[in-house]
Amino acid sequence: MTSTAAARPPGRPRAGVNDVVFAATLSTVRELGYARATVERIAVAAGVAKSTVYRRWPSKGALIVDCLLDAFGPAPLEGADRAEAMTSAIRWIAAKIGEPGVGDAFAGVFSDAVSDPALREILSARFQDPYRIAFQNALGEPENRVLFFIDVVVGTLLHRMGMTGEPMVEADVTALIEMIVPLVTPDSAAGTA
């Protein structure tokens, strides 16, 4: 008997596995916290085998970094001038860190990277560098200035999340913008000298 249907490769269909695992990762981190969100628990929540997760990501940290890349997407560096582009970037970062599970996952992987050089390299190369380069290209700033901007903004937002358990409220994001943008945009800084 001959089948007219196209042969399907053996095993589970793979389309959408990353999306399912990323959704399960953020959900598990949100429900249990970063430390208790193990690869095994994430796999169960995603409805996949733990080996499926480890085939794609060698560690929880690598999984979290890719999950964050997916959650953040490309940086929207929009605006008529540098001040507007930076304002847009700060609001975008604050909104992303405020999404359920994202801030907790970011803070957790960041904390783990302090004592894990391999994870620190993954976090730097795969997460920070693409955004740093995008900011450098959009703003025309050297690497050290862009890294300082990232440190100040992300550090402040994660600190607030860690100290209160809540993302920064809109009024405080606006105050952060009003403090930082004039210091890092030449046209705004010139007026403060």
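Residues numbered from 1 in each chain as written. Predicted model: local features only at pLDDT ≥ 70, side-chain atom pairs only at ≥ 80, totals over all residues. Heavy atoms only, no water.

- In the nomenclature of an unreviewed UniProt entry, the protein chain corresponds to TetR family transcriptional regulator from the organism Embleya hyalina.

### Observations concerning the nonpolar core
Here is step 1: With 59 residues, the main nonpolar core has V21, L68, F72, I90, I97 and F135 as its most contacted residues.
Here is step 2: For this core, the elements supplying multiple residues, two or more each, are helix 1 (17–32), helix 2 (39–46), helix 4 (60–72), helix 5 (82–98), helix 6 (102–114), helix 7 (117–139), helix 8 (143–164) and helix 9 (170–184).
Here is step 3: Of all the elements, helix 5 adds the most residues to this core, at nine residues.
Here is step 4: Looking at this core, you find at least three residues from each of domain 1 (18–67) and domain 2 (74–192).
Here is step 5: Among all residues touching F135, those that are not within four sequence positions of it are A75, L77, A89, W92, I93, G140, V146 and I150. (Core = buried A, V, L, I, M, F, W, Y, C linked by side-chain atoms within 4.5 Å. Buried < 20%, exposed > 50% of the residue type's maximum accessible area, 1.4 Å probe, protein only. Helix = DSSP H or I, 4+ residues; strand = E, 2+ residues; numbered from the N terminus. Domains from an automatic or database assignment. Contact = heavy atoms within 4.5 Å.)

### Re the confidence of the model for the protein chain
Here is step 1: Per-chain confidence: the protein chain averages 88 in pLDDT, with 88% of residues scoring 70 or above.
Here is step 2: Below pLDDT 50 for its whole length, residues 1–11 participates in one contact with residues either more than four positions away or in separate chains. (pLDDT = per-residue confidence, 0-100.)

### Here's the deal with the pattern of salt bridges
Here is step 1: Tallied over the entire structure, the rule returns nine salt bridges.
Here is step 2: Where R132 meets D129, a salt bridge forms, and the shortest distance between an N and an O atom there is 3.5 Å. Of this pair, R132 and D129 both sit in helix 7, three residues apart, which is roughly one turn of the helix.
Here is step 3: Taking relative accessible area as the criterion, R132 reaches 10% and is therefore assigned buried.
Here is step 4: Linked by salt bridges that have partners in common, R82, E141 and R145 make up one network. (Salt bridge = Lys/Arg side-chain N within 4 Å of Asp/Glu carboxyl O.)

### Some details on helix 2
An α-helix turns once every 3.6 residues. As a result, residues three or four positions apart point the same way.
Here is step 1: Looking only at helix 2, the buried set comprises V39, I42, A43 and A46. Angular distribution of buried residues about the axis of helix 2 spans 100°; they occupy a single face of the element.
Here is step 2: Where the residues of helix 2 are buried, they touch helix 1, helix 3 (50–56) and helix 4.
Here is step 3: Immediately beyond the C-terminal end of helix 2, within one or two residues, lies G47, with a positive phi of roughly 75°. (Arc of directions from axis to C-beta.)

### Points about the side chain of T25
Here is step 1: One can find T25 in helix 1.
Here is step 2: Judged by relative accessible area, T25 falls into the buried class, the value being 0%.
Here is step 3: Residue contacts for T25: discarding those within four places in its chain leaves I42, L63, I64 and C67.

### Observations concerning the UniProt feature "DNA-binding region" (unreviewed entry) in the protein chain
Here is step 1: If you check UniProt for "DNA-binding region" (unreviewed entry), the listed places come out as residues 38–57 in our numbering.
Here is step 2: Along residues 38–57 one finds 75% helix and 0% strand; the C-alpha atoms at either end are 13 Å apart. (UniProt positions renumbered as here; feature names shortened; annotations may be inferred.)

### Some points on the packing of aromatic side chains
Here is step 1: Evaluation of the coordinates by the stated rule reveals nine aromatic pairs.
Here is step 2: Between F72 and F106, the aromatic rings sit 5.9 Å apart at their centres with planes inclined by 90°, giving edge-to-face as the arrangement. Note that F72 is positioned in helix 4 and F106 in helix 6, a separation of 34 residues in sequence.
Here is step 3: Judged by its relative accessible area of 6%, F106 falls in the buried class.
Here is step 4: Note on F127 and Y131: the rings are 5.4 Å apart at their centroids and 70° apart in plane angle, and the pair reads as edge-to-face. Taken together, the residues F127 and Y131, both in helix 7 and four residues apart, mark about one turn of the helix. For the pair F127 and Y131, a shared accessibility class is recorded, and that class is buried.
Here is step 5: Just above the ring of Y34 sits the side chain of K60; from NZ or CZ to the centre is 3.9 Å. (Phe/Tyr/Trp six-rings, centres within 6.5 Å; stacked < 30°, edge-to-face > 60°. Lys NZ or Arg CZ within 6 Å of the ring centre and 35° of its normal.)

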